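Residue strings, one per chain:
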Amino acid sequence: MALAATLAAEDREPPILPPIPELVIGVLAFFIVLVFLGKKLLPNINKVLDERREAIEGGMEKAEAAQAEAQQVLEDYRAQLADARHEAARMRQEAQEQGVAVIAEMRSEGQRQREEIIAAGHTQVEADRKSAAASLRQDVGKLASDLAGRIVRESLADGARQSRTIDRFLDELEAKAADATKAEVTR
């Protein structure tokens, strides 16, 4: 109440409202600044904003183009990768087939060599057996004639007779040995 009384006591204008000449000058200055800003600064600000919007839109278009290109490269890469996998599988299959063929060839070559070695061994054994038999015949014949000469106390110098006697004796021994072998086999 005291404030109201103080205001009523004074006949002057309220302190919130400025004086009219200051208000008119302030409004005119405001409109001058507003016109200056509208004519000079606002076009520059709009120009900068438009350039920025165009740069952003251009960047987005470039990004979209780059993304589309990257997607195409990725699809190409995946297709190449799939082709490479198929090629690798084909090459692996060929290598396995070649490996099987090489193994089969090596087995057949090994079998052939084994058979050659066995045949050569049989031939060598047969030759050694014949050589041993001939040598044994001579040694046994000589021993038999020496033994017969000692028993009879005569020399069996006749070579033909000695040879026939030795051959007959050995043939009889071989026949007995063959009969014994057949008898063992039949058991």
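Because the structure is a prediction, the values reported are computed rather than measured.

1. Observations concerning the overall build of the protein
A count of helical and extended segments in the protein gives three helices and zero strands. The order of helices and strands in the protein, counted from the N terminus, is α-α-α. The 187 residues of the protein split such that 3% are buried. Element-wise, carbon and sulfur atoms account for 62% of the exposed surface of the protein, whose accessible area totals about 16,800 Å².

2. A look at the packing of aromatic side chains
Per the counting criterion, the structure on display carries one aromatic pair. Considering the side-chain rings of F30 and F31, the 5.8 Å spacing of their centres and the 65 degrees angle between planes classify their relative orientation as edge-to-face.

3. Thoughts on the confidence of the model for the protein
Taken over all residues, the pLDDT of the protein has a mean of 83, while the share at 70 or more is 84%. Here helix α1 (residues 2–9) is the element of the protein with the lowest mean pLDDT, 53, and helix α2 (residues 20–152) is the one with the highest, 88.

4. What about a nonpolar patch on the surface?
Judged by side-chain polarity, I20, L23, V24, V27, L28, F30, F31 and L34 come together as a nonpolar surface patch covering roughly 760 Å² of accessible area. Its place among the elements puts F30 in helix α2.

5. Examining a negative patch on the surface
Residues E51, E54, E57, E61 and E64 make up a contiguous surface patch of negative charge. Counting through the fold element by element, E61 comes out in helix α2.

6. Here's the deal with the pattern of salt bridges
For the structure shown, the criterion picks out six salt bridges. Among the ionic pairs, R112 bridges to E109, the shortest N-O distance being 2.3 Å. Taken together, the positions of R112 and E109, both in helix α2 and three residues apart, correspond to about one turn of that helix. Among the residues examined, R112 registers a relative accessible area of 37% and is labelled partly exposed. Overall, the relative accessible area of 30% leaves E109 in the partly exposed class. A salt bridge links R129 to E126, with the nearest nitrogen and oxygen atoms 2.6 Å apart. One end of the pair, R129, and the other, E126, are both in helix α2, three residues apart, so they sit about a helical turn from each other.

Cut-offs applied
- Position numbers for residues start from 1 in each chain and track the written sequence from start to end.
- Selection of residues for local features in this predicted model requires a pLDDT of at least 70, selection of side-chain atom pairs for listing and counting requires 80 or more, and totals for whole chains, interfaces and linings are taken over all residues.
- Each side-chain value is derived from all of the structure's non-hydrogen atoms; neither hydrogens nor water enter the calculation.
- Only runs of H or I of at least four residues qualify as helices and only runs of E of at least two qualify as strands under DSSP, and these elements are numbered from the N terminus.
- Only protein chains enter the accessibility calculation, which uses a 1.4 Å probe. A residue is then buried if its area is under 20% of the maximum for its type, exposed if over 50%, and partly exposed in between.
- Per-residue and other accessible areas follow the Shrake-Rupley method at a 1.4 Å probe size, with only the shown protein chains counted as cover for residues.
- We call Phe, Tyr and Trp rings a pair once their centres come within 6.5 Å, taking the six-membered ring for Trp, and we label the pair stacked below 30 degrees between planes, edge-to-face above 60, and tilted otherwise.
- A score between 0 and 100, pLDDT records how confident the predictor is in each residue.
- Without a salt bridge and with relative accessible area above 30%, a residue can belong to a patch; like charges are then joined within 9 Å and nonpolar side chains (Val, Leu, Ile, Met, Phe, Trp, Tyr) within 5 Å.
- Any carboxyl oxygen of Asp or Glu within 4 Å of a side-chain nitrogen of Lys or Arg constitutes a salt bridge here.
- In this tally, Asp and Glu contribute negative charge and Lys and Arg positive charge; neither His nor the terminal groups of the chain are included.
- For charged residues, the charge sits on one atom: NZ in Lys, CZ in Arg, CG in Asp, CD in Glu.

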